[in-house]
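Observations on chain architecture
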Amino acid sequence: MMNRTAAYLLGMVWGAIPALTVFLCLGPWRRRRLRERGLESPRLRETVLALFWMFCGGMAVLTLTPRWVVWSLVDLLHGYRWNVGDYPFFERGAVNLKLFQTFRFSSYILLGNLVMFIPFGFFGALLWRGWTLRRSLLAGLCGVIVIECCQLCVGRAFDIDDVLLNTLGVLAGFLLWKGLAPETAKAFRVREREESKWQ
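The structure reproduced in this document is the subject of the present report. (Residues numbered from 1 in each chain as written. Predicted model: local features only at pLDDT ≥ 70, side-chain atom pairs only at ≥ 80, totals over all residues. Heavy atoms only, no water.)

Comments concerning the environment of Gly-112
Tracing the sequence through the fold places Gly-112 in helix α4 (residues 107–115). Of the residues examined, Gly-112 reaches a relative accessible area of 30% and is grouped as partly exposed. A C-alpha to C-alpha distance of 32 Å links Gly-112 and Ser-41, two positions 71 residues apart in sequence. (Helix = DSSP H or I, 4+ residues; strand = E, 2+ residues; numbered from the N terminus. Buried < 20%, exposed > 50% of the residue type's maximum accessible area, 1.4 Å probe, protein only.)

As structure tokens, this is what we get:
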């Protein structure tokens, strides 16, 4: 279990760094677009948005690459070579459309599938206006289905249980925000620029 957790964390780092680089490169363009509309993004929002981009980059590595990629990262931690030529990257995956098949496996897998999508519901509601429960569920469901379909191309599986658990994770994130942080959301949202108020 320790090795699995280390592999996932390392996979997250490998995705987070490029995602942060893209976020920083797009920063001037984003700020210019906001200025043109008389808006600005507070520093607190930019910090949380950068963390969210890093999380999304990490999730992309964990969910959109073959399983052997993450385990090869663990091998690197133990001093073994990267077995890049030993496995194909693109190959056909499997499909499971029977509900509750995953539930026979460990609670670690169930909890992981639920918890790793909580930030999508939480940060979506925190950072963007109009992020309602309905919109959160719809965006979560569509995003999860796209991920599951992409996994079919990298030798993984489209699993209906993953769709269910990941969507419930997005819902849990939204409800967590609703219970903890709705009154603080204003500090994390785009606002009118001070200069534009006096024009």
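Now that the structure has been shown, the text picks up again.
A short note on the nonpolar core
Core analysis: the biggest nonpolar cluster contains 14 residues, and Val-48, Phe-122, Leu-126, Leu-127, Trp-177 and Phe-188 have the highest contact counts within it. Residue assignment for this core shows that the elements contributing at least two residues are α2 (43–64), α5 (118–127) and α7 (160–180). Those residues in contact with Leu-126 that lie beyond four places of it in its chain are Val-48, Trp-177, Ala-185, Phe-188 and Arg-189. One finds Ala-7, Met-12, Val-70 and Val-170 within the second-largest nonpolar core, a separate group that totals 13 residues. (Core = buried A, V, L, I, M, F, W, Y, C linked by side-chain atoms within 4.5 Å. Contact = heavy atoms within 4.5 Å.)

Considering the pattern of salt bridges
Applying the stated criterion across every chain, the model contains two salt bridges. Across the pair Glu-40 and Arg-191 runs a salt bridge, and its minimum N-O distance is 3.2 Å. Placement of Glu-40 in strand β1 (residues 39–40) and of Arg-191 in strand β4 (residues 191–192) is noted, with a sequence separation of 151 residues between them. Here Arg-191 falls in the partly exposed class, since its relative accessible area comes to 40%. (Salt bridge = Lys/Arg side-chain N within 4 Å of Asp/Glu carboxyl O.)

Digging into a nonpolar patch on the surface
Taken together, the side chains of Leu-99, Phe-100, Phe-103, Leu-164 and Leu-168 define a hydrophobic patch exposed on the protein surface, amounting to about 430 Å² of accessible area. Counting through the fold element by element, Leu-168 comes out in helix α7. (Patch = residues over 30% accessible without salt bridge, like charges linked within 9 Å, V, L, I, M, F, W, Y side chains within 5 Å. Areas by Shrake-Rupley, 256 points an atom, 1.4 Å probe, with all protein chains shown as cover.)

A word on a positive patch on the surface
On the surface, a cluster of positive charge is contributed by Arg-31, Arg-32, Arg-33, Arg-35 and Arg-37. Mapped onto the elements, Arg-33 comes out in helix α1 (residues 2–36). According to the relative accessible area criterion, Arg-33 is partly exposed, its value standing at 40%. (Lys, Arg positive; Asp, Glu negative; His and termini not counted. Charge placed at Lys NZ, Arg CZ, Asp CG, Glu CD.)

Considerations on the side chain of Asn-113
Along the chain, Asn-113 turns up in helix α4. When neighbours within four sequence positions are excluded, Asn-113 is seen to be in contact with Asp-162, Leu-165 and Asn-166.

Notes on the layout of surface pockets
Reported here for the largest pocket is a volume of approximately 890 Å³. As for the largest pocket, its lining consists of 30 residues, of which Tyr-8, Ile-109, Gly-112, Asn-113 and Met-116 are closest to the centre. Put simply, the parts of the chain that give the lining of the largest pocket at least two residues each are α1, α2, α3 (67–77), α4, α6 (133–151), β3 (157–159) and α7. At six residues, α4 tops the list of elements feeding residues into the lining of the largest pocket. Of the pockets and cavities examined, the second largest pocket occupies roughly 300 Å³. (1 Å grid on protein atoms, 1.4 Å probe; cavity = no way out; pocket = protein on both sides within 12 Å on 5 of 7 lines; lining within 4 Å. Points joined across faces, edges and corners; volume = space filled by probe spheres on them.)

Structural notes on the environment of Leu-99
Along the polypeptide, Leu-99 turns up in the loop between β2 (94–96) and α4. Sequence separation between Leu-99 and Val-163 is 64 residues, and the spatial gap between their C-alpha atoms is 10.0 Å. Apart from the residues lying within four places of it in its own chain, the contact partners of Leu-99 are Ile-160, Asp-161 and Leu-164.

A short note on the environment of Ser-106
For Ser-106, the position within the fold is in the loop between β2 and α4. With 81 residues separating them in the primary sequence, Ser-106 and Ala-187 have C-alpha atoms 40 Å apart.

Here we look at the packing of aromatic side chains
Taken as a whole and assessed by the stated rule, the structure comprises 10 aromatic pairs. Relative to Phe-123, the ring of Phe-122 lies with its centre 5.4 Å away and its plane at 90°, an arrangement referred to as edge-to-face. Residue classification places Phe-123 among the partly exposed positions, given a relative accessible area of 22%. Where Trp-128 meets Trp-131, the ring centres are 6.3 Å apart and the plane angle is 45°; that geometry is what we call tilted. We classify Trp-131 as partly exposed; its relative accessible area is 21%. Of the aromatic side chains, those joined through ring pairs into one cluster are Phe-52, Phe-55, Phe-117, Phe-120, Phe-122, Phe-123, Trp-128 and Trp-131. (Phe/Tyr/Trp six-rings, centres within 6.5 Å; stacked < 30°, edge-to-face > 60°.)

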